[in-house]
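Each chain is listed here by its residues.
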Amino acid sequence: MTTLVRKNSAVALLVAGAMFMEQLDGTVIVTALPDMAASFGVAPVDLNVGMSAYLLTVAVFIPASGWMTDRFGGRMVFAWAIALFTFASILCAVSTSLWAFTAARVLQGIGGALAVPVGRLVVLRTTEQKQLIRAIALLTWPALVAPVLGPPLGGLITTYSSWHWIFLINVPIGIVGFVLALFLVPSTRADSLAPFDWRGFVSTGTASFALMYSLESIGHDRVRWLVTGPLMVLAGCAGLYAWRHARTTKHPLLDLTAFRVPTFALSAGSGGLPVRGVIMATPFLLPMMFQTAFGFDPFTSGMLVLALFAGNIFMKPATTSVLVHFGFRRTLVWNGLIAVGTIAACGFLTARTSMVVVVILLFVSGLARSMQFTTLNTLSFADFDKARVGGANTLFSMLTQMSSALGIAVAAIVLRLSSLTHPDQAAITVTDFHVAFWTIGLIGLFGVWQLSKLPPTAGDALRAPRIASK
């Protein structure tokens with residue numbers, strides 16, 4: 001392995017670590033809400049504003065990440081994004097009121113909105129094509145592992161220490177990440193810089209804020225439709241304006257021409273969007289079903305969900321070999337069927353199902369979801385050169401953020417609608433969860449059907465160097 005390859009691998013690992021820290025912070029807080037609410041003197045449900053503030057800030061600032069990288073360089077933006085995230089973590093830990101905590105979460109969101117897409121862009125611009133599969137595989141695991149590890153880790157920290165350490169553990173990691181970023185990350189920036197697209201930023205930010213808030217609120221027990229409904233209309237109007245603006249302005253913040261590349265349009269858009277949403281909805285549904293419908297305690301529920309994590313880890317070493325041998329299209333279709341099939345199969349689980357069967361099913365599902373995410377993420381950038389990958393990366397980051405919110409929102413809506421069909425409408429039963437899993441399974445099947453439209457040679461340029469070396 002050459003020095004350049006080793007350095008690029010180190011950068012990819014550094015970016016993956018930063019991504020993991022950022023994405024873990026969005027899920028680890030869930031099990032600590034009661035203790036945090038007691039510290040702030042508010043009801044646990046009131047802390048949703050702190051969680052929402054983080055997600056909304058990320059959605060608003062992602063579009064600006066590509067321009068800032070071109071303006072200030074990947075090294076400076078990535079390093080200072082980590083610094084801001086770390087500083088905001090300290091502010092979260094020392095917060096004594098809900099509003100101070102919410103303000104700190106907004107700062108965290110700005111750091112996270114810049115760190116994740118900028119870090120990915122740096123890797124895409126510095127990694128040779130023959131090493132891209134391996135690099136994307138490293139960048140994929142945080143999105144898969146964080147939603148699974150977050151809740152049990154948060155419960156462990158809260159039970160045996162205090163909720164403050166959920167945020168304080170970011171401090172040493174952030175300091176190390178900041179120093180390494182200054183030494184390892186190259187200062188990639190554009191040769192020429194277009195003016196900042198303020199109209200695009202405001203319109204996409206408004207659309208993202210309104211859409212994410214609407215989707216996030218749908219997941220709550222009580223939906224305020226007088227607020228959510230108008231916001232969804234606002235999201236549609238702002239999104240339509242942003243789309244028309246991006247098509248007509250000379251230097252748009254969002255480069256929609258990426259959709260003209262078939263591999264991107266299918267793997268990041270019409271095919272990848274539903275598949276990602278379904279996969280991300282699974283860690284949301286499983287713990288709820290295990291605890292509210294099956295009556296399992298939080299520890300048992302957390303240990304079962306960790307089978308997904310085990311599957312993710314076991315698949316990683318085999319990812320490159322599978323793609324080189326079978327190709328991208330065949331992998332996305334057949335592995336996609338396994339991923340969707342195992343998710344739909346969760347709709348047949350009951351409290352009496354053998355624990356061994358549950359663990360095996362979730363382990364296989366973890367294998368498939370890991371393979372599917374890596375393949376989708378790699379193929380999304382397979383046909384872009386270094387000059388155009390920045391615009392594609394920004395659009396990809398927005399679509400990824402949207403797919404997660406859409407998947408969870410759809411699962412929550414199906415649960416609520418199904419619960420209305422039985423007399424005790426306040427209670428969600430096992431049947432309701434079964435309906436939810438079957439529904440998202442069908443949505444995932446549609447995504448796999450879209451991916452089957454990929455040409456058989458899709459991504460072969462990434463496989464060729466490996467095949468030739470055999």
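Residues numbered from 1 in each chain as written. Predicted model: local features only at pLDDT ≥ 70, side-chain atom pairs only at ≥ 80, totals over all residues. Heavy atoms only, no water.

1. Things to note about the overall build of the protein chain
Link 1 in the chain: A count of helices and strands for the protein chain gives 20 helices and 0 strands.
Link 2 in the chain: The C-alpha radius of gyration of the protein chain comes to 21 Å, within 12% of the 23 Å expected for a compact globule of 470 residues.
Link 3 in the chain: In terms of overall dimensions, the protein chain has a C-alpha envelope of 60 × 50 × 45 Å along the principal axes.
Link 4 in the chain: The long-range share in the protein chain, meaning contacts at least 24 apart out of those at least 6 apart in sequence, stands at 84%.
Link 5 in the chain: Total accessible area computed for the protein chain in this model is approximately 19900 Å², and 70% of it derives from carbon and sulfur atoms.
Link 6 in the chain: Averaged over its 30 positive side-chain charges, the protein chain has a centre that lies 10 Å from the centre of its 17 negative ones. (Helix = DSSP H or I, 4+ residues; strand = E, 2+ residues; numbered from the N terminus. Rg over C-alpha atoms; globule rule 2.2 N^0.38 Å. Contact = heavy atoms within 4.5 Å. Areas by Shrake-Rupley, 256 points an atom, 1.4 Å probe, with all protein chains shown as cover. Lys, Arg positive; Asp, Glu negative; His and termini not counted. Charge placed at Lys NZ, Arg CZ, Asp CG, Glu CD.)

2. Let's talk about helix H19 (residues 430-451)
Link 1 in the chain: Spanning 22 residues, H19 covers 32 Å between terminal C-alpha atoms, matching the ideal 32 Å at 1.5 Å per step.
Link 2 in the chain: Within H19, burial applies to Asp432, Phe433, His434, Ala436, Phe437, Ile440, Gly441, Gly444, Gly447, Val448, Gln450 and Leu451.
Link 3 in the chain: Those residues of H19 hidden inside the fold are in contact with helix H12 (262-270), helix H13 (272-293), helix H16 (328-345), helix H17 (355-380) and helix H18 (389-419). (Expected span 1.5 Å × (residues − 1). Buried < 20%, exposed > 50% of the residue type's maximum accessible area, 1.4 Å probe, protein only.)

3. Considerations on the packing of aromatic side chains
Link 1 in the chain: Tallying each qualifying case throughout the model produces 19 aromatic pairs.
Link 2 in the chain: On the numbers, 6.2 Å between centres and 90° between planes, the contact of tryptophan 198 with phenylalanine 201 is edge-to-face. Remark: phenylalanine 201 and tryptophan 198 occur in helix H10 (residues 198-218); sequence separation between them is 3 residues, near one turn of the helix.
Link 3 in the chain: When its relative accessible area of 57% is taken as the criterion, tryptophan 198 is described as exposed.
Link 4 in the chain: For phenylalanine 201, a relative accessible area of 15% puts it in the buried group.
Link 5 in the chain: With centroids separated by 5.5 Å and ring planes inclined at 75°, the aromatic side chains of phenylalanine 314 and phenylalanine 363 adopt a geometry described as edge-to-face. Of this pair, phenylalanine 314 sits in helix H14 (residues 298-315) while phenylalanine 363 sits in helix H17; the two residues are 49 residues apart in sequence, bridging distant segments of the chain.
Link 6 in the chain: Accessibility expressed as a relative area gives 60% for phenylalanine 314, which makes it exposed.
Link 7 in the chain: In this structure an aromatic cluster arises from ring pairing among Phe61, Trp67, Phe196, Trp198 and Phe201.
Link 8 in the chain: When the ring centre of tryptophan 449 is taken as reference, the NZ or CZ atom of lysine 453 above it lies at 4.1 Å. (Phe/Tyr/Trp six-rings, centres within 6.5 Å; stacked < 30°, edge-to-face > 60°. Lys NZ or Arg CZ within 6 Å of the ring centre and 35° of its normal.)

4. Structural notes on the confidence of the model for the protein chain
Link 1 in the chain: Averaged over every residue, the pLDDT of the protein chain is 84; residues scoring 70 or more account for 93%.
Link 2 in the chain: Averaged pLDDT values for the elements of the protein chain fall to 64 in helix H20 (residues 460-468) and rise to 95 in H16. (pLDDT = per-residue confidence, 0-100.)

5. Structural notes on the nonpolar core
Link 1 in the chain: In terms of nonpolar packing, the biggest core is built from 98 residues, with Phe78, Phe264, Leu286 and Phe290 touching the most fellow members.
Link 2 in the chain: With 10 residues, helix H6 (residues 98-126) is the single largest residue contributor to this core.
Link 3 in the chain: In contact with phenylalanine 78, not counting residues within four places along its chain, are Leu14, Val15, Ala18, Ala115, Val118, Gly119, Ala181 and Val185.
Link 4 in the chain: Counting residues in each nonpolar core, the second largest holds 22 residues, with Ala32, Phe40, Cys92 and Phe101 among its members. (Core = buried A, V, L, I, M, F, W, Y, C linked by side-chain atoms within 4.5 Å.)

6. What to know about the packing of H18 against H19
Packed helix pairs are characterised by how far apart their axes lie and by the angle those axes make with each other.
Link 1 in the chain: Viewed as axis vectors pointing N to C, H18 and H19 meet at an angle of 135°, and their least axial separation amounts to 9 Å. Between H18 and H19, the crossing angle belongs to the class labelled oblique. Crossing handedness for the pair H18 and H19: right-handed. Between H18 and H19, the contacting residues are Val410, Ala411, Val414, Leu415, Ser418 and Ser419 on the first element and Thr431, Asp432, Phe433, Val435, Ala436, Thr439 and Ile443 on the second.
Link 2 in the chain: Its residues assigned to classes, the contact of H18 with H19 shows 8 nonpolar, 4 polar and 1 charged. (Axes fitted to C-alpha atoms, helices over the stretch in contact; angles between N-to-C directions. Parallel < 35°, antiparallel > 145°, perpendicular 65-115°, else oblique. Left-handed = near helix turned anticlockwise from the far one by under 90°. Nonpolar A, V, L, I, M, F, W, Y, C, P; charged D, E, K, R; others polar.)

7. Topic: the side chain of threonine 282
Link 1 in the chain: Locating threonine 282 in the fold gives a position in helix H13.
Link 2 in the chain: Judged by relative accessible area, which is 2%, threonine 282 ranks as buried.

8. Observations regarding the pattern of salt bridges
Link 1 in the chain: This model, assessed by the stated rule, comprises 1 salt bridge.
Link 2 in the chain: Residue aspartate 70 is joined to arginine 125 by a salt bridge in which the shortest nitrogen-to-oxygen separation is 3.1 Å. On the criterion of sequence distance, the pair formed by aspartate 70 in helix H4 (residues 65-72) and arginine 125 in helix H6 is long-range, its members being 55 residues apart. (Salt bridge = Lys/Arg side-chain N within 4 Å of Asp/Glu carboxyl O.)

9. Concerning helix H5 (residues 74-94)
Link 1 in the chain: For H5, spanning 21 residues, the distance from its first C-alpha to its last is 31 Å, which sits close to the expected 30 Å at 1.5 Å a residue.
Link 2 in the chain: Burial in H5 covers these residues: Gly74, Val77, Phe78, Ala79, Ala81, Ile82, Phe85, Thr86, Ala88, Ser89, Cys92 and Ala93.

10. Points about the environment of serine 97
Link 1 in the chain: Along the chain, the position of serine 97 falls in the loop between H5 and H6.
Link 2 in the chain: On the basis of relative accessible area, serine 97 is assigned to the partly exposed category, the value being 30%.

11. Here's the deal with the side chain of threonine 331
Link 1 in the chain: For threonine 331, the position within the fold is in helix H16.
Link 2 in the chain: Setting aside residues up to four positions removed in sequence, threonine 331 forms contacts with Val322, Leu323, Phe326, Gly336, Met371, Gln372 and Thr375.

12. Looking at the environment of alanine 281
Link 1 in the chain: Tracing the chain through its elements places alanine 281 in helix H13.
Link 2 in the chain: Take alanine 281: its relative accessible area is 0%, and that puts it in the buried class.
Link 3 in the chain: Sequence separation between alanine 281 and isoleucine 175 is 106 residues; the distance between their C-alpha atoms is 32 Å.
Link 4 in the chain: Setting aside its immediate chain neighbours within four residues, alanine 281 contacts Gly407, Ile408, Ala411 and Ile440.

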